[in-house]
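# Notes for the structure review
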Amino acid sequence: MAAETEPKKIIIDTDPGIDDAMAIFLALQSPEVEVIGLTTIFGNVYTTLATRNALHLLEVAGRTDIPVAEGSHVTSTNGTKLRVADFVHGVDGLGNQNFPPPKGKPIEESAASFLVHQAKVNPGKVTVVALGPLTNIALAIQLDPEFAKNIGQILILGGAFAVNGNVNPAAEANIFGDPEAADVVFTSGADVLAVGINVTHQVVLTESDREKLASSNGKFVQYLNKILDVYFSYHREAYNVKGVYLHDPTVVLAAVDPSLVTCIEGIVRVQTSGITRGITILYNKQKSIIFSNASFNVNKLLEDAMFLIWSWLRNLEKDFNIHFYQWSSQIRQGFLYQ
Ligand SMILES: O=c1[nH]cnc2c1ncn2[C@@H]1O[C@H](CO)[C@@H](O)[C@H]1O
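Residues numbered from 1 in each chain as written. Predicted model: local features only at pLDDT ≥ 70, side-chain atom pairs only at ≥ 80, totals over all residues. Heavy atoms only, no water.

Put simply, the rule reads: UniProt positions are given in the numbering used here, feature names are shortened, and annotations may be inferred rather than shown by experiment.
Taking an unreviewed UniProt entry as the reference, the protein chain is identified by name as Inosine nucleosidase belonging to Glycine soja. Quoted straight from UniProt, the Sequence similarities (unreviewed entry) entry for the protein chain says "Belongs to the IUNH family." The heading Subcellular location (unreviewed entry) in the UniProt record of the protein chain holds the text "Cytoplasm".

## Focus on the overall build of the protein chain
As a reminder of what qualifies: Secondary structure counts use DSSP, requiring at least four H or I residues in a row for a helix and at least two E residues in a row for a strand, with both numbered from the N terminus. Note on exposure labels: buried denotes an accessible area under 20% of the residue type's maximum, exposed denotes more than 50%, and partly exposed covers the range between, all computed with a 1.4 Å probe on protein chains only. Throughout, a residue-residue contact means that at least one pair of heavy atoms, one from each residue, lies within 4.5 Å. The method behind every accessible area is Shrake-Rupley, applied with a 1.4 Å probe, and residues are considered shielded solely by the protein chains displayed.
What the protein chain contains, in helices and strands, is 14 helices and 11 strands. Counting only residues that meet the buried cut, the protein chain has 55% of its 338 residues in that class. The long-range fraction of contacts in the protein chain, counting pairs at least 24 apart against all pairs at least 6 apart in sequence, stands at 81%. Carbon and sulfur atoms form 53% of the exposed surface of the protein chain, whose accessible area is close to 14500 Å².

## Here we look at the confidence of the model for the protein chain
Using the following cut-off: For every residue, the predictor assigns a confidence score, pLDDT, that lies between 0 and 100.
Of the residues in the protein chain, 83% reach a pLDDT of 70 or more, and the chain-wide mean stands at 85. Predicted confidence is poor over residues 291–296, with pLDDT under 50, and the contacts of this stretch with residues over four places away or in other chains come to six contacts. Considering only residues more than four positions removed or in separate chains, one finds that residues 320–338, a stretch of pLDDT under 50, has 39 contacts. The ipTM for the predicted assembly is 0.95, set against a pTM of 0.88.

## Re helix 8 (residues 179–186)
Across the eight residues of helix 8, six count as buried, placing the element largely inside the fold. Looking only at helix 8, the buried set comprises Pro 179, Ala 181, Ala 182, Asp 183, Val 185 and Phe 186.

## What to know about the environment of Val 60
Locating Val 60 in the fold gives a position in helix 2 (residues 47–60). On the basis of relative accessible area, Val 60 is assigned to the partly exposed category, the value being 23%. For the pair Val 60 and Pro 102, spaced 42 residues apart in sequence, the C-alpha separation works out to 9.5 Å.

## Structural notes on the site of the ligand
Spelled out, the test is: We call a residue near a given molecule or strand whenever any one of its heavy atoms falls within 4 Å of it. Polar contact criterion, stated in full: a pair of N or O atoms within 3.5 Å, where within protein one must be able to donate a hydrogen and the other to accept it, and residues adjacent in sequence count only if both atoms are side-chain atoms. For this classification, Asp, Glu, Lys and Arg are treated as charged, while Ala, Val, Leu, Ile, Met, Phe, Trp, Tyr, Cys and Pro are nonpolar and the rest, including Gly, are polar.
What surrounds the ligand is a group of 16 residues, the closest being Asp 19, His 89, Asn 166, Glu 172 and Tyr 234. Here an oxygen atom of the ligand and a side-chain polar atom of His 89 are 2.9 Å apart. For the ligand, an oxygen atom lies 2.4 Å from a polar atom in the side chain of Tyr 234. Protein contact buries 98% of the 400 Å² of open area that the ligand shows by itself. Class assignment of the residues belonging to the shell around the ligand gives a composition of eight nonpolar, four polar and four charged.

## Structural notes on unusual backbone geometry
In this model, Pro 16 is joined to Gly 17 through a cis peptide bond whose omega is -15°. At Asn 78, a residue that is not glycine, the phi angle is positive and equals roughly 65°. The class of Asn 78 is exposed, set by a relative accessible area of 61%. Backbone geometry at Asn 240 places phi at a positive 55°, although glycine is not the residue there. Tracing the sequence through the fold places Asn 240 in the loop between helix 11 (219–239) and strand 8 (243–245). With a relative accessible area of 68%, Asn 240 lands in the exposed category.

## A word on the nonpolar core
Filter applied, for reference: Definition used in this section: a nonpolar core is a set of buried Ala, Val, Leu, Ile, Met, Phe, Trp, Tyr and Cys residues joined via side-chain atoms within 4.5 Å.
Ile 12 and Val 129 are the most contacted members of the largest nonpolar core, which totals 53 residues. Looking at this core, the elements that each hand over two or more residues are strand 1 (8–14), helix 1 (18–28), strand 2 (33–40), helix 2, strand 5 (153–157), strand 6 (192–195), helix 11 and helix 12 (247–256). Not counting residues up to four positions away in its chain, the partners in contact with Ile 12 are Ile 24, Ala 27, Val 35, Gly 37, Leu 38, Thr 39, Val 129 and Leu 131. Residues Leu 115, Leu 134, Val 268 and Val 270 belong to the second largest nonpolar core, which totals 31 residues.

## Remarks on the packing of helix 10 (residues 207–214) against helix 11
Quick reminder of the rule: The axes are straight lines fitted to the C-alpha atoms, using for helices just the contacting stretch, and the angles between their N-to-C directions are given from 0 to 180°. Roughly parallel covers angles under 35 degrees, roughly antiparallel covers those over 145, roughly perpendicular covers 65 to 115, and oblique covers all other angles. Two helices that cross are described as forming a left-handed crossing if the nearer one is turned anticlockwise from the farther one by less than a right angle, and a right-handed crossing if clockwise.
Running from N to C, helix 10 and helix 11 cross one another at 165°; their axes reach a closest spacing of 10 Å. Judged by the inter-axis angle, helix 10 sits roughly antiparallel to helix 11. Viewed along their axes, helix 10 and helix 11 form a crossing whose handedness is left-handed. Every residue of helix 11 that contacts helix 10 at Glu 207, Arg 210, Leu 213 and Ala 214 is listed here: Val 221, Gln 222, Asn 225, Leu 228, Asp 229, Phe 232 and Arg 236. Of the residues that constitute the contact of helix 10 with helix 11, the class distribution is five nonpolar, two polar and four charged.

## With respect to the pattern of salt bridges
Here is the rule: Salt bridge, as used here: a side-chain nitrogen of Lys or Arg that lies within 4 Å of a carboxyl oxygen of Asp or Glu.
A full pass over the atoms with the stated rule returns eight salt bridges. Among the salt bridges present, the one from Glu 34 reaches Lys 9, with a minimum N-O distance of 3.6 Å. Of this pair, Glu 34 sits in strand 2 while Lys 9 sits in strand 1, and the two are 25 residues apart along the sequence. Residue classification places Glu 34 among the partly exposed positions, given a relative accessible area of 34%.

## Some thoughts on the packing of aromatic side chains
The geometry of an aromatic ring pair is captured by the separation of the ring centres together with the interplanar angle, meaning the angle of the planes. Inclusion rule: Pairs were defined over the aromatic rings of Phe, Tyr and Trp, the Trp ring being its six-membered one, requiring ring centres within 6.5 Å. Orientation was assigned from the angle between planes: stacked under 30 degrees, edge-to-face over 60, tilted for the rest. The rule for a charge over a ring is simple: NZ of Lys or CZ of Arg within 6 Å of the ring centre, and within 35 degrees of the ring normal.
Counted under the stated rule, the structure contains six aromatic pairs. Ring centres of Phe 25 and Phe 220 lie 4.5 Å apart, and the angle between their planes is 35°; this geometry places the pair in the tilted category. Here Phe 25 is found in helix 1, whereas its partner Phe 220 is found in helix 11, with 195 residues between them in sequence. We note that Phe 25, like Phe 220, is buried. Between Tyr 234 and Tyr 239 the ring centres are 6.0 Å apart and the planes differ by 85°, which places this aromatic pair in the edge-to-face class. The class for Tyr 239 is partly exposed, based on a relative accessible area of 26%. Among the aromatic residues, ring-to-ring pairing joins Phe 25, Phe 99, Phe 220 and Tyr 223 into one connected group. The ring of Phe 232 has Arg 210 lying over it, and the distance from NZ or CZ to the ring centre is 4.9 Å.

Laid out in structure tokens, this is it:
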């Protein structure tokens, strides 16, 4: 008999957020992972609203057994001038739907302390899926010098590797939200896998995909269909695309099925000042340069989005009860790159 593999324990650090909602539902629908907690952060919304939305999404999913730990309200350098993307996700972060307030409450422990604690009791076994600015993760690293060693892997939705950013030509939104924190994480020595917008902009849920989803009466798809309007409008106006980028779900897929992922390895640093504040620089070691600073550590970048949409749909199909398999051949032909 095949040995049962234990599901991978994940903590989702999140700023919900429409694509965060998709990612959280996707994780809850995937038996390969066990969501052991949500930690919250500013980004798409302020932290207070992120906590409220995280609790709400767990109530929608019927998973109030999962704890929510509230994260930092300020950046890792105590910055209070936060850039919040309500123009992408609506003022409530969930497509302006006026959902009722959640019944549940966050736990007493802070996000950083929850991360430290969980990594300590399950050394090497916990994956953090970081979907917002990296403040909580940097605080965890600063709180416990052992955290970078204890944590299994840190998967990051962030960075714009060799492409323009989405906040400005240099910076991607999550890195821009707290560049100092991002640099702490990339140089921490932890096992870091970054999924930049150079990848996620290839993972598009089109209008016709959405129509197919809408024809399902699954609970998650009905909910997502409601909140997606605002996200579609934003993408049409800002990027002139007839679809939405599946940023956060792509990172969850890298946790659910690492075999989908091809990576390149290199050193990543984040610029923290000037007009390129928030830019992510990858040095992929094609040329041997001797650095005077020996503390650089190697990070991995998700390189290839080829099979991700297919896989995303495969997972949600459990709820959507419709069939998408014919799409995989299209994806193999490379339409993602057109
Ligand atoms: O133009 C933008 N400005 C700010 N945030 C954005 C923009 N486009 C997408 N996102 C949000 O930032 C993360 C990816 O960078 C995603 O969470 C996405 O929803």
